[in-house]
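# What the coordinates show
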Amino acid sequence: MKKNNFQLIMIAVFMVAALIGMLVFAGKIKIGKDPAGSGGTVILWGTANGGDLSKAIEDFNRDNPAFTVKYVQKNADTFDQDLLSALASGVGPDIFFLPDTLAYSYRNRITRVPYTTYPLSAYKTKFVGAGEVFLTSQGILAFPMSVDPMVMYYNRSMLDANGIVYPPQYWDEFPNLVSILTKKDDAKKIISSAVALGQFSNVAHAKDILSTLFMQAGSPIVTEQNGQFVSAMLDAPDSARLADILNFYTRFTDPVNANYSWNRSLQDSRSAFSAETLAFYFGYASELPYLLNKNPNQNFLVAPMPQLRNSNTKITEGHVTGLAVSAFSQNFTSAFTAASLMSTGDFAAAYAQATGSVPVRRDLLVGKPSDAYTPTFYNSALFAKSWLDPAPVTSDAIFSGMIDAILANTLSADQAIKDAANKLAFALAK
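The structure contained in this document is the topic of the report that follows. Everything numeric in this text was worked out from a predicted model, so none of it was measured. (Residues numbered from 1 in each chain as written. Predicted model: local features only at pLDDT ≥ 70, side-chain atom pairs only at ≥ 80, totals over all residues. Heavy atoms only, no water.)

### Focus on helix 14 (residues 374–382)
Turning to helix 14, its buried residues number three or more, namely Thr374, Thr376, Phe377, Tyr378, Ser380 and Ala381. Along its buried surface, helix 14 packs onto strand 6 (143–155), helix 11 (288–294), strand 12 (300–303), strand 13 (316–325), strand 14 (358–359) and strand 15 (384–385). (Buried < 20%, exposed > 50% of the residue type's maximum accessible area, 1.4 Å probe, protein only. Helix = DSSP H or I, 4+ residues; strand = E, 2+ residues; numbered from the N terminus. Contact = heavy atoms within 4.5 Å.)

Now the structure itself:
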């Protein structure tokens, strides 16, 4: 291990010892003969490419010879179902990479770390704010490993050709950019667009874009009250502002509005950006390799996610991946030790690099790489936030329905948001 990680490793060791002591006292770990409880092999599941992680796993096992971590790569499309089935049958992994989108549904299938073992102040000092998605009143759901912040990619050539010196910093700059960058043919058909907003089906990460806007307005979307997670979409200091935001978002797909820049017939926003018919694309840091490979000749850069003007804070959506310890592990001591050491040691940085995401540990964000993109990713990680999604498919339908209700003129923006908040509350109550 590197010397500058020694203090973190010692903290992890003491933390593991404290938790094990508590579990021994509670009778969950037996003292004496317990060959399955320590040493041996720790099975780790995830969706990251096994080849990309092989060197990091090898180094970790070399530095921690008391046990061996064996990584099993699973299909991202079936990971949730595969994991549920495996845990139910008792043959699941000891630890697994837990995306924040699944944290809610797995909250009762993992071992939570108590705050007596891992103090809340230490957690918040060590990890960026997005990692707090794993915090509950009953303990920590997972050890944060990486964060994938949402950013704004922009086509430099399109901006340069139209005399736009800098990309926008605020959302209220886009209406003016639409009039400059959106091009139409004689039949008023859009042939190139400034920004893809207003729809759901062909706007990549539409839910996350709206979530970012809502969080920027002060809405936590989901919060915990009396040990239960509840809908907090309307809990903004000025909830009426959310209706303005929803109207702002849908305005870009209204043909009679001056902001008209996108419609349902266009190809998806990521493809349009790579085809150089879209000036701005809101995507994640991990998408950079795809964008570079899709169109190697494209002249694009990245900027932070736009903000609401006159706000005292900066916020962007960020998806966090953590390491969770299965509540059904037959090798708990080694599993918990491995998860703790992976999050506090060199493995965390290697994992972020292998997955194209950003370290979630603050100490790993100090030294920024000097390429054209990563400094923006690192800076964005510092103000990224996430929320506890009850189920991605369900919340997608809720956000899609909210947008469609405005476009179909069946609900006002205020009514659509209240309807979405109620549906989110129902999903969390299941």
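### What about the packing of aromatic side chains?
In the structure shown here, the tally under the stated rule is 25 aromatic pairs. When the centroid spacing of 5.7 Å and the interplanar angle of 35° are considered together, the rings of Trp171 and Phe174 count as tilted. Accessibility classification places Trp171 together with Phe174 in one group, the buried group. Taken together through their ring pairs, the aromatic side chains of Phe60, Phe67, Tyr71, Phe97, Phe347 and Tyr351 make up a single cluster. Across the ring face of Trp45, the terminal group of Lys74 is positioned such that the distance to the ring centre comes to 4.3 Å. (Phe/Tyr/Trp six-rings, centres within 6.5 Å; stacked < 30°, edge-to-face > 60°. Lys NZ or Arg CZ within 6 Å of the ring centre and 35° of its normal.)

### Section: the environment of Thr223
Tracing the backbone through its elements, the reader meets Thr223 in strand 9 (residues 221–225). For Thr223, a relative accessible area of 26% corresponds to the partly exposed category. Each C-alpha atom of the pair Thr223 and Val133 lies 9.8 Å from the other, and the pair is 90 residues apart in sequence. Once residues lying within four places of it in the same chain are set aside, the contact partners of Thr223 are Gln228, Phe229, Val230 and Ala232.

### Overview of the pairing of strand 2 (residues 68–73)
In the sheet, strand 1 (residues 41–46) pairs with strand 2 via six bridges, with the strands oriented parallel. Following the sheet pairing, Thr41 is matched in strand 2 by Thr68. Viewed along the sheet, the connection from strand 1 through helix 2 (residues 50–63) into strand 2 turns out right-handed. (Pairing = 2+ DSSP bridges. Right-handed = clockwise from strand over helix to strand, strands pointing away.)

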